[in-house]
Amino acid sequence: GRVVALCGGVGGAKLALGLQHLLGERLTVVVNVADDFEHLGLHISPDLDTVLYTLGGLSDQQRGWGRSDETWNFMGALKEIGGQTWFSLGDRDMAMHVERTRRRLSGETLTAISIDIARRFGVRSNVLPITNNKLSTIVVSTEGELEFQRYFVGRRCEPAVKQIRFSGTESARLTQEVLQALDADDLRLIILCPSNPYLSIDPMLAVPGMTEKLRAARVPVIAISPIIGGQAIKGPTRKIMDELGLEATNREIARHYAGLIDGLIIDTTDAEGAADLGIDVHLAPTLMTGLQSKIALAEHALMFGNSLR
Ligand code: GDP
Ligand code: FO1
Ligand code: CA
């Protein structure tokens, strides 16, 4: 059967790679686009980039974003003439932004462009943006409202988060391709990847109809916790939970997704207290390092999903 995975960037893409290994074209990865913005006149889609590069075997493992074997001549030259350098665009990565921008201006949808580039990268699974419409995360911080990349990259997530808002939700629509994936007769499981719940998954859940789709799903919906031992593996998840007055625990992740998921995978080392999360819990090693650990966690997700049917 088929599987749909809702995915942000780095954390989600790691599991998506393991799932792709097991499922190939039976996997559809639905990707967040609320990190997207226009920069230097280009349309940048960071989470789509991360997923396409990761599933295509082109991603930089250390940096987490962008391509491996990258060079930075463009940025160097841009700096010399006084251009904006707070957001780095690698020379090879630049091809993606320029070509995607050109194709959007010529009238193609983000979906069509993503499908075509995935095919050219030899990606076997289906990679779909959640929407073709503009959707943007706005961080309401102690220093005022910040556009997402200004907060994340420009300010390195330093301003304390008071609230996270999404603009464009009223007019955003799930794409036909996403709806088809969620309605497929042979769909067996929906997975919320271990992505940042507040910055990566919530904007997708904010697209009209998405939470209703998950609630009405005739297949199990599971999540993998991005929190291990009260800490995030990378990025501001833990910091944001602290700032929003939330406990950085699997219990809080379970509470956050309550009503949407049928089960939660948490790390084996967090076994204590697993019984009273108020939801079906599966224990597994959830720290993904090499390819084998990504495939192993993907196997756990499929097994757990099967057990809930
Ligand atoms: P971003 O869009 O690049 O910020 O990436 P995501 O939102 O997809 O993922 C960020 C989240 O992934 C963070 O909360 C991390 O804790 C989580 N994460 C990253 N690597 C792992 C891992 O190996 N295991 C688990 N369980 N979570 C991870
Ligand atoms: N992240 C950074 O921390 N600094 C950058 O200069 C940067 C550039 C960049 C360019 C293209 C792209 O697809 C992603 C890029 N990222 C960069 C990553 C990214 O914007 C963030 O990690 C996320 O949006 C959070 O998911
Ligand atoms: Ca992201």
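Here the structure is a predicted model, which is why all the values come from computation and not from measurement.

Rules used in this analysis
- Residues numbered from 1 in each chain as written.
- Chains lettered and ligands numbered in written order.
- Predicted model: local features only at pLDDT ≥ 70, side-chain atom pairs only at ≥ 80, totals over all residues.
- Heavy atoms only, no water.
- Near = heavy atom within 4 Å.
- Polar contact = N/O pair within 3.5 Å; in protein donor to acceptor, adjacent residues only side chain to side chain.
- Areas by Shrake-Rupley, 256 points an atom, 1.4 Å probe, with all protein chains shown as cover.
- Helix = DSSP H or I, 4+ residues; strand = E, 2+ residues; numbered from the N terminus.
- Nonpolar A, V, L, I, M, F, W, Y, C, P; charged D, E, K, R; others polar.
- Pairing = 2+ DSSP bridges.
- Axes fitted to C-alpha atoms, helices over the stretch in contact; angles between N-to-C directions.
- Contact = heavy atoms within 4.5 Å.
- Donors = N, O, S within 2.8 Å, 3.2 Å for Na, K, Ca; no water.
- Buried < 20%, exposed > 50% of the residue type's maximum accessible area, 1.4 Å probe, protein only.
- 1 Å grid on protein atoms, 1.4 Å probe; cavity = no way out; pocket = protein on both sides within 12 Å on 5 of 7 lines; lining within 4 Å.
- Points joined across faces, edges and corners; volume = space filled by probe spheres on them.

A. Examining the site of ligand 2 more closely. Taken together, 14 residues sit near ligand 2, with Asp35, Asp47, Asp49, Ser88 and Gln149 positioned nearest. Within the contact set of ligand 2, an oxygen atom lies 3.1 Å away from a side-chain nitrogen or oxygen of aspartate 47. The protein chains hide 85% of the 530 Å² of surface that ligand 2 would expose on its own. Residue assignment for the shell around ligand 2 shows that the elements contributing at least two residues are α2 (46-55), α4 (91-105) and α6 (148-154). Per-element accounting of the shell around ligand 2 gives the leading share, four residues, to α6. In the shell around ligand 2, the residues fall into seven nonpolar, three polar and four charged.

B. Region of interest: the sheet that holds strand β8 (residues 161-167). If you walk across this open sheet you meet the three strands as β7-β6-β8, and the pairing is antiparallel. Edge positions in the sheet fall to β7 (144-147) and β8, since each has one partner strand and no second. For this sheet, the mean angle separating the axes of adjacent strands, direction not counted, is 25 degrees. As judged from the four bridges shared by strand β6 (residues 136-141) and β7, these two strands associate in the antiparallel manner. Paired with isoleucine 138 across the strands is glutamate 147, a residue of β7. The strands that helix α8 (residues 197-205) touches are β6 and β8; relative to β8, the one it contacts most, it runs at about 30 degrees.

C. Spatial organisation of the coordination of the calcium ion (ligand 3). Around the calcium ion (ligand 3), the protein contributes the donor atoms Asp35 (OD), Asp47 (OD) and Asp47 (OD), at 2.3 to 2.5 Å from the metal centre. Of this pair, aspartate 35 sits in the loop between β2 (27-31) and β3 (37-39) while aspartate 47 is found in helix α2, placing the two residues 12 residues apart along the sequence. Considered together, aspartate 35 and aspartate 47 belong to a single accessibility category, that of buried residues.

D. Geometry of the site of ligand 1. Taken together, the neighbourhood of ligand 1 is formed by 20 residues, with Ser195, Ser200, Thr237, Thr286 and Met288 sitting nearest. Within the side chain of serine 195, one N or O atom sits 2.6 Å away from an oxygen atom of ligand 1. Between ligand 1 and methionine 288, the relevant distance is 2.7 Å, taken from an oxygen atom to a main-chain nitrogen or oxygen of the residue. With the chains in place, 93% of the 600 Å² that ligand 1 exposes on its own is no longer accessible. Looking at the shell around ligand 1, the element that brings in the most residues is helix α1 (residues 10-23), giving four residues. Its residues placed into classes, the shell around ligand 1 shows seven nonpolar, 10 polar and three charged.

E. The sheet that holds strand β13 (residues 263-267), seen in detail. Pairing is parallel across the open sheet formed by seven strands, whose spatial order is β5-β2-β1-β9-β10-β13-β14. The sheet is open, and its two borders are formed by β5 (126-129) and β14 (280-284), each paired with just one other strand. Each adjacent strand pair in this sheet contributes to an overall mean axis angle of 25 degrees, direction not counted. In terms of strand pairing, β13 meets β14 through five bridges, oriented parallel. Of the residues in β14, the one forming a bridge with isoleucine 265 is histidine 282.

F. Just the layout of surface pockets, in detail. Of the volumes computed, that of the second largest pocket is approximately 270 Å³. Thr28, Ile115, Asn126, Val127 and Leu128 are the residues nearest the centre of the second largest pocket, which is lined by 15 residues in total. If you list the elements that add at least two residues to the lining of the second largest pocket, you get α5 (110-120), β5 and α7 (176-183). Classifying every residue of the lining of the second largest pocket by side-chain character gives seven nonpolar, four polar and four charged.

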